[in-house]
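Okay, here's what each chain looks like letter by letter:
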4 protein chains.
Amino acid sequence: MKRVELNKENKRASLLKTSFQLFSEKGFAKTSISDIVKEAGMAKGTFYLYFKDKYDLRDQLVIRKSLQVIREANEALESKPQKGFENQFIAYVDHIIECLEKDKILLRFINRNLSGALFESMMEGAIGADLQNLLRRCEESMAAEHIICSNLHLMVFTLMELLSGTMYSCILDGQPVTMEEYLPYLHESIRAIIHAFCREQAEDTENPAEP
Amino acid sequence: MKRVELNKENKRASLLKTSFQLFSEKGFAKTSISDIVKEAGMAKGTFYLYFKDKYDLRDQLVIRKSLQVIREANEALESKPQKGFENQFIAYVDHIIECLEKDKILLRFINRNLSGALFESMMEGAIGADLQNLLRRCEESMAAEHIICSNLHLMVFTLMELLSGTMYSCILDGQPVTMEEYLPYLHESIRAIIHAFCREQAEDTENPAEP
Amino acid sequence: MKRVELNKENKRASLLKTSFQLFSEKGFAKTSISDIVKEAGMAKGTFYLYFKDKYDLRDQLVIRKSLQVIREANEALESKPQKGFENQFIAYVDHIIECLEKDKILLRFINRNLSGALFESMMEGAIGADLQNLLRRCEESMAAEHIICSNLHLMVFTLMELLSGTMYSCILDGQPVTMEEYLPYLHESIRAIIHAFCREQAEDTENPAEP
Amino acid sequence: MKRVELNKENKRASLLKTSFQLFSEKGFAKTSISDIVKEAGMAKGTFYLYFKDKYDLRDQLVIRKSLQVIREANEALESKPQKGFENQFIAYVDHIIECLEKDKILLRFINRNLSGALFESMMEGAIGADLQNLLRRCEESMAAEHIICSNLHLMVFTLMELLSGTMYSCILDGQPVTMEEYLPYLHESIRAIIHAFCREQAEDTENPAEP
DNA sequence: CATGAATGAGTATTCATTCAT
DNA sequence: CATGAATGAATACTCATTCAT
């Protein structure tokens, strides 16, 4: 029964916003549709005009929020380009960390609610496109720098799993150390993995760009 | 007196086993206590003689199952000792992977239900002791090989986060590749991270403590 | 809009009526919410749209029923005014007795369920206002008759405790005698207590009775 | 699981004592047999060796506790005899008040749990005998003082109802005043009621029992 | 579009009571 | 006598979903 919440105009947005708050506070399982509509200041029936059920709402929420993080990281990367593939990648990672460190609730939310099934469906939507984009840009950078990667997909996968796991622990729990303390080690680990996957192309003269 | 004690332990074991099965099949949220006791063939009230509630049951389950994996890996490691710290660690990881690849349900269960709060409480129990043990053994190995690690704790943290994230994806979803395909890359990544954290001690005799 | 409001009030009334019946028949503790809604012909959930729980329902019931008795006694008193404070008070008491003798279930219900805590909260609501009214009227009567009461509050308290205790025994159990038999003794006792608390104002000459 | 509570010897007494405490603290309805035996440090089954059920236990408790109060008042009265029937009665009342003011828990317990049905059954047991005793003593006192009471039973009934109602309010709730403040008014009311029921016998010789 | 009253299946939890040991 | 594990009926309460207005 809070406000009338920008009445009319944008009920869907209001429901998304309210439910994000409640899911973060009380968790998904303990948040009822009743709670959401009461907080959003509308009637129960209205919920079903916009979402199929609670799960539908959650999934839309995860997609929007994840997309938002990735977009922000992309934009930040474009506005401040780095020299060299390795540095670019690390800058990208730092943007994501910075973004989620500012919005810990979002981090917790994404981590809690990002199920495998949903993740795959996201990969075929806008997020997938964005990530394809990222991969392509990586390839370009590496080509420009004459770097050969044994398996780009798996390298990104490895790096992303490392990032998401450690980020969650350090940012949210400060366990085993805070993100600030961990960051140099993370950077080193990332560089080490990149080196493990990549090698520089042999001499320019002998190998004139893959004949 | 013995008969009765035995019977109790059977009851508890039966509840744990049944609920593990149901949680794995239908998920924790969609499994009711009714389901569990019906499947286990006992009265509802009996459940409450052994567990405080569904959450208590789940936590005990996670602890038992996790402990089991770690113990198995420890035993396997002891029975087949490896040469060198790096190889030892990789063998340890391989044991865990092997163990969870055989029991995917267990992997899914642990990953789904291992919340941060529970994890920390586990670290103060038997599992914590086992992991302390592991760390100590690492230290001994490294000392014996004159390897200096910049931060052993954070190295193990990094390696474990990498392992658990990739393991979940590859073993359970086969995404982006199967574990079999990913394994060589994982090994390389592990070695790379270890190298990033460690360096060999300078000359044996002279070694004037970092000149 | 009106139809719906009306329907709601009917539902609430139906629950109150049904539960009063059941509480009277089987007692509060042995009446379940299931019983009530079954008897009232509605769904379980509907109950919780109108009352917080069984205790809330009971309290609302006690308040309504008590108010009803007091209101009736007030109305009866106004329609048949008596001469003199003492007679007025006795007439008031007789109205209450008459009213509860006709509705023994109500008497039993009020007596059983009127806890101290609820009683006090009632005293701050409509019932309190009604009783304040009664006290004020008593004061006026007494002033008009030049009667001085050493402590009006305590007198009414004393009389009411006497009334409620004896009423319950005599009307409901016929113990030690029926109300009919006891009534003259009750009247005498009331008069005696009033005399014990009050005395007539001194001599006419000095204070010529407010001419 | 407290102590072993004077093990063997006196389980019944232990159960009575423990349950009195718990009933007083949490109320009868919210005290379970589990609570009682746990607190008394014995097994559930043991309860049923001594009491039929919770209601049986409560009733025995009420009887014992009530008897105790009456006995104490009787003993106190005998040890400090008063001059005159009226003073005797008031002394008796004061003893009861004093006794219950010291043990408010007991007062609350008796008031909460003394149902009409139980009361009657008590009247046919030891308590009834004690009260008969009291009545007989009253008659003797009055005869000795040449006082004639229009109805001794109803007078005692009236006085007792007045006493119990006001005592509960004043002692336990301090409402509308404390017992200390109320006591003089109570005494006056009692004397007034006694006077209303009794009159002194006219001259001894000339007045041969109401001509 | 929006409402919110009504539903009733479903859930966790309690507890008096029994009975084999 | 004493135990306490086992029972399962019973209870309060929740909540996603529908539908008449």
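Quick caveat, the model's predicted, so the values are computed rather than measured.

A.B. asks: Can you walk me through the protein's contact with DNA strand E in this structure?
C.D. replies: Taken together, 32 residues sit near DNA strand E, with T46 and Y50 of chain A, T46 and Y50 of chain C together with Y48 of chain D positioned nearest. Of all atoms in DNA strand E that approach within 4 Å of the protein, 61% are sugar or phosphate atoms. In the environment of DNA strand E, a phosphate oxygen lies 3.4 Å from a nitrogen or oxygen atom belonging to the side chain of Y48 of chain B. In this structure, T46 of chain C approaches DNA strand E through a side-chain N or O atom, which is 2.5 Å from a phosphate oxygen. Contributing elements (two or more residues each) for the surface near DNA strand E: helix 3 (44-50) of chain A, helix 3 (44-50) of chain B, helix 1 (2-26) and helix 3 (44-50) of chain C together with helix 2 (33-40) and helix 3 (44-50) of chain D. The residue inventory of the surface near DNA strand E, partitioned by class, reads twelve nonpolar, eight polar and twelve charged.

A.B. asks: Mind showing me how you'd approach the arrangement of the chains here?
C.D. replies: At the C-alpha level, the nearest point of chain A lies 28 Å from chain D, with no contact between them. Kept free of each other, chain B and chain D leave a smallest C-alpha distance of 13 Å between them.

A.B. asks: I keep staring at the interface of chain A and chain B and nothing clicks. Help me out?
C.D. replies: Interface extent is often summarised as the accessible area lost during association of the parts. Taken together, the contact between chain A and chain B spans 26 residues of the former and 26 residues of the latter. Of the roughly 2,100 Å² buried at the junction of chain A and chain B (both faces included), carbon and sulfur atoms supply 74%. The largest per-residue losses of area from chain A upon contact with chain B belong to L154, F157 and Y185 of chain A, which jointly make up 25% of the total buried on that side. On the surface where chain A and chain B come into contact, there are zero salt bridges.

A.B. asks: Help me understand the protein's contact with DNA strand F in this model?
C.D. replies: Taken together, the neighbourhood of DNA strand F is formed by 31 residues, with T46 and Y50 of chain B, K44 of chain C together with T46 and Y50 of chain D sitting nearest. Atoms of DNA strand F within 4 Å of the protein: sugar and phosphate make up 61%, bases the balance. Here a base nitrogen of DNA strand F and a side-chain polar atom of K44 of chain C are 3.1 Å apart. In this structure, a base nitrogen belonging to DNA strand F sits 3.2 Å away from a main-chain N or O atom of G45 of chain D.

A.B. asks: What is the right way to look at the pattern of salt bridges in this model?
C.D. replies: Side chains bearing opposite charge may pair, as long as their charged atoms lie close to each other. Residues and elements named next belong to chain B. Inspection of the entire model under this criterion finds 28 salt bridges over all chains. The salt bridge partner of K26 is D35, with a shortest N-O separation of 2.9 Å. Looking at K26, the relative accessible area reads 38%, which means it is partly exposed. Judged by relative accessible area, which is 22%, D35 ranks as partly exposed.

A.B. asks: Any chance you could explain unusual backbone geometry here in plain terms?
C.D. replies: Glycine aside, residues mostly have negative phi angles, and peptide bonds mostly take the trans form. Residues and elements named next belong to chain B. With an omega of -10°, the peptide bond running from Q175 to P176 counts as cis. In this structure, P176 sits in the loop between helix 9 (152-173) and helix 10 (179-197). At H146, a position not held by glycine, the phi torsion is positive, near 60°. On the secondary structure map, H146 appears in the loop between helix 8 (126-144) and strand 1 (147-149).

A.B. asks: Sorry if this is basic, but what is going on with the interface of chain D and chain C here?
C.D. replies: Counting from both sides, the interface comprises 26 residues of chain D and, opposite them, 26 residues of chain C. Both faces considered, chain D and chain C share a buried interface measuring about 2,100 Å² in area, 74% of it formed by carbon and sulfur atoms. Among the residues chain D hides against chain C, the three largest losses belong to L154, F157 and Y185 of chain D. Together they make up 25% of the total. Linking chain D with chain C are zero salt bridges, by the criterion used here. For the side of chain D that touches chain C, the elements supplying multiple residues, two or more each, are helix 9 (152-173) and helix 10 (179-197) of chain D. Top element by residues in the side of chain D that touches chain C is helix 9 of chain D. It accounts for ten residues. Of the residues assigned to the side of chain D that touches chain C, the class counts are 13 nonpolar, eight polar and five charged.

A.B. asks: How should the relation of the copies chain D and chain C be read in this particular structure?
C.D. replies: In summary, the two copies of the chain are related to each other by a rotation about an axis coupled with a shift along it. When chain D is fitted onto chain C, the two copies agree to an RMSD of 0.1 Å after a turn of 179° and an axial shift of 0.0 Å. Such a turn and shift between the copies fits a two-fold axis. Comparing interface residues between copies, 100% of those in chain D also lie at the interface in chain C; the contact surface is shared.

A.B. asks: It is not clear to me how the relation of the copies chain A and chain B should be interpreted in this structure. Could you clarify?
C.D. replies: Laying chain A over chain B is done by rotating through 180° and shifting 0.0 Å along the axis; what remains is an RMSD of 0.1 Å. A high fraction, 100%, of the interface residues of chain A reappear at the interface in chain B, so the copies pair face to face through one surface.

A.B. asks: For this particular structure, what's the right way to read the side chain of R12 of chain B?
C.D. replies: Residues and elements named next belong to chain B. Mapped onto the elements, R12 comes out in helix 1 (residues 2-26). For R12, which is buried and forms no salt bridge, the nearest opposite charge comes from E9, at a distance of 4.2 Å. Dropping the residues within four chain positions of it, R12 is found in contact with Y50, F51, Q60 and R64.

A.B. asks: Is there a simple way to think about the packing of aromatic side chains in this case?
C.D. replies: Aromatic ring pairs are defined here through the distance separating the ring centres and the angle between the ring planes. Taken as a whole and assessed by the stated rule, the structure comprises 36 aromatic pairs over all chains. Aromatic side chains F20 of chain C and F109 of chain C sit 5.1 Å apart centroid to centroid with 80° between the ring planes, which places their arrangement in the edge-to-face category. On the criterion of sequence distance, the pair formed by F20 of chain C in helix 1 and F109 of chain C in helix 6 (residues 104-113) is long-range, its members being 89 residues apart. Classification of F20 of chain C by relative accessible area gives buried; the value is 12%. Both rings, one in F47 of chain D and one in F51 of chain D, keep their centres 5.7 Å apart while their planes meet at 45°; by these two values the pair is tilted. The ring of F20 of chain A carries the charged tip of K65 of chain A above its face, separated from the ring centre by 4.0 Å.

A.B. asks: Please explain the environment of D103 of chain C as it appears in this structure.
C.D. replies: Residues and elements named next belong to chain C. Tracing the chain through its elements places D103 in the loop between helix 5 (85-102) and helix 6. By relative accessible area, which is 26% here, D103 ends up partly exposed. Placed 71 residues apart in sequence, D103 and G174 show a C-alpha to C-alpha distance of 15 Å.

A.B. asks: Is there a simple way to explain the confidence of the model for chain A in this structure?
C.D. replies: Predicted coordinates in regions of low pLDDT should not be interpreted in detail. On average, residues of chain A score 88 in pLDDT, and 91% of them are at 70 or above. Predicted confidence in chain A is weakest over helix 7 (residues 116-123) of chain A, with a mean pLDDT of 82, and strongest over helix 10 (residues 179-197) of chain A, with 97.

Cut-off values and rules
Residues numbered from 1 in each chain as written. Chains lettered and ligands numbered in written order. Predicted model: local features only at pLDDT ≥ 70, side-chain atom pairs only at ≥ 80, totals over all residues. Heavy atoms only, no water. Near = heavy atom within 4 Å. Polar contact = N/O pair within 3.5 Å; in protein donor to acceptor, adjacent residues only side chain to side chain. Helix = DSSP H or I, 4+ residues; strand = E, 2+ residues; numbered from the N terminus. Nonpolar A, V, L, I, M, F, W, Y, C, P; charged D, E, K, R; others polar. Contact = heavy atoms within 4.5 Å. Buried area = accessible area lost by both parts, 1.4 Å probe. Salt bridge = Lys/Arg side-chain N within 4 Å of Asp/Glu carboxyl O. Buried < 20%, exposed > 50% of the residue type's maximum accessible area, 1.4 Å probe, protein only. Least-squares fit on C-alpha atoms with pLDDT ≥ 70 in both. Lys, Arg positive; Asp, Glu negative; His and termini not counted. Phe/Tyr/Trp six-rings, centres within 6.5 Å; stacked < 30°, edge-to-face > 60°. Lys NZ or Arg CZ within 6 Å of the ring centre and 35° of its normal. pLDDT = per-residue confidence, 0-100.

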